[in-house]
Amino acid sequence: MNPRLHALFDRLGATGALLCAIHCALLPLLIALLPSLGLSAALAPTFEVGFVLFATLFGLAVLVWSYRRHRAMRALWLLIPGLAVLWFGILYAPLHHSVVPHAVAMTFGGTLVGLAHLANLRLNHGHVHDATCAHGH
């Protein structure tokens, strides 16, 4: 894959995950406003599951591909717990139905996913081609 395209994917992943974290942090305020704005469907569970599923597939694809290149686990160590928190926040009903704890969990998970993409971007940007390089010169 073209390194510029890969960097773009990491930037998109980081931006998307951090925007998701901001969205989740503001969620309690939005919940109070949504009925008056006629946007209550925007928080449908299927939308949230779809977003987390996309973040999971996109994050794993980009970071696993990068791992094969730089062989550093730092980004994956942020991604995996972040995804676990996001899925737990959706699938564990008592947490999912508690507005503030759910928002905190989703914000934390989204932040970890965003930081994983930023760490991956840094690992790829700082990559030096030498004899230890997994993909050759």
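Worth saying up front: this structure is predicted, and the values here are computed from it rather than measured.

> I keep staring at the nonpolar core and nothing clicks. Help me out?
Generally speaking, a soluble globular protein has its nonpolar side chains buried in company with each other. Core analysis: the biggest nonpolar cluster contains 17 residues, and Leu63, Leu79, Leu86 and Val113 have the highest contact counts within it. Counting residues per element, the ones that place at least two in this core are α2 (45–70), α3 (74–91) and α5 (99–125). Residue contributions to this core peak at six residues, all from α3. In contact with Leu79, not counting residues within four places along its chain, are Gly59, Leu60, Leu63, Val113 and Ala116.

> What is the right way to look at empty space enclosed by the protein in this model?
In this approach, a probe sized like a water molecule rolls over the atoms, and the result shows the empty space that is left. Using the criterion set out here, one finds one cavity of 30 Å³ or more in the structure. Of the volumes computed, that of the largest cavity is approximately 30 Å³. Around the largest cavity, the lining residues are Ala17, Cys20, Phe51, Ala55, Leu86 and Gly110. Of all the elements in the fold, those that place two or more residues in the lining of the largest cavity are α1 (3–37) and α2. Taken together, the residues of the lining of the largest cavity sort by class into five nonpolar, one polar and no charged.

> Is there a simple way to explain the side chain of His70 in this structure?
Its location among the elements puts His70 in helix α2. Engagement of the side chain of His70 in a polar contact is seen with the side chain of Asn120, the distance being 3.0 Å.

> Just to check I follow, could you spell out the packing of α3 against α5 for this structure?
Working note: a packed helix pair is described by the angle between its axes plus the distance between those axes. Packing of α3 against α5 brings their axes to within 8 Å, and their N-to-C directions diverge by 160°. By the angle class used here, α3 and α5 are roughly antiparallel. The handedness of the crossing between α3 and α5 is left-handed.

> Sorry, what's going on with the environment of Leu63 here?
Along the chain, the position of Leu63 falls in helix α2. Judged by its relative accessible area of 1%, Leu63 falls in the buried class. As for Leu63 and His117, which are separated by 54 residues in sequence, their C-alpha atoms are 7.5 Å apart. With near-sequence residues (within four places) excluded, Leu63 lies in contact with Asp10, Ala75, Leu76, Leu79, Ala116, His117 and Asn120.

Calculation notes
Along every chain, residues carry numbers that run from 1 in the direction the sequence is written. Local features are withheld for residues below a pLDDT of 70 in this predicted model, meaning they are given only at 70 or higher, and side-chain atom pairs are given and counted only at 80 or more; totals for whole chains, interfaces and linings count all residues. The basis for the side-chain values is all heavy atoms of the structure; hydrogens and waters are excluded. Grouping buried Ala, Val, Leu, Ile, Met, Phe, Trp, Tyr and Cys residues that are joined through side-chain atoms within 4.5 Å yields what is termed a nonpolar core. We call a residue buried when its accessible area falls under 20% of the maximum for its residue type, exposed when it is over 50%, and partly exposed in between, using a 1.4 Å probe and counting protein chains only. Starting at the N terminus, helices and strands are each numbered in turn, a helix being any DSSP run of H or I of at least four residues and a strand any DSSP run of E of at least two. We call two residues in contact whenever any of their non-hydrogen atoms come within 4.5 Å of each other. With a 1 Å grid laid over protein atoms only, a set of points is called a cavity when a 1.4 Å probe fits there but cannot get out and a pocket when it is open yet has protein on both sides within 12 Å along at least five of seven lines; lining residues have an atom within 4 Å of a point. Grid points are joined across faces, edges and corners, and a volume is the space filled by probe spheres set on the points. Three classes are used: nonpolar for Ala, Val, Leu, Ile, Met, Phe, Trp, Tyr, Cys and Pro, charged for Asp, Glu, Lys and Arg, and polar for all others, with Gly counted as polar. Polar contacts here mean pairs of N or O atoms no more than 3.5 Å apart (in protein, one a potential hydrogen donor and the other a potential acceptor; neighbouring residues in sequence count only if both atoms are side-chain atoms). Fitting a line to C-alpha atoms yields each axis, with helices limited to the stretch in contact; the angle taken between N-to-C directions then spans 0 to 180 degrees. Working definition: roughly parallel below 35 degrees, roughly antiparallel above 145 degrees, roughly perpendicular at 65 to 115 degrees, and oblique for all remaining angles. In a left-handed crossing the near helix is turned counterclockwise from the far helix by less than a right angle, and in a right-handed crossing that turn is clockwise.

In short, the description is geometric, and any link to function would need to be established separately.
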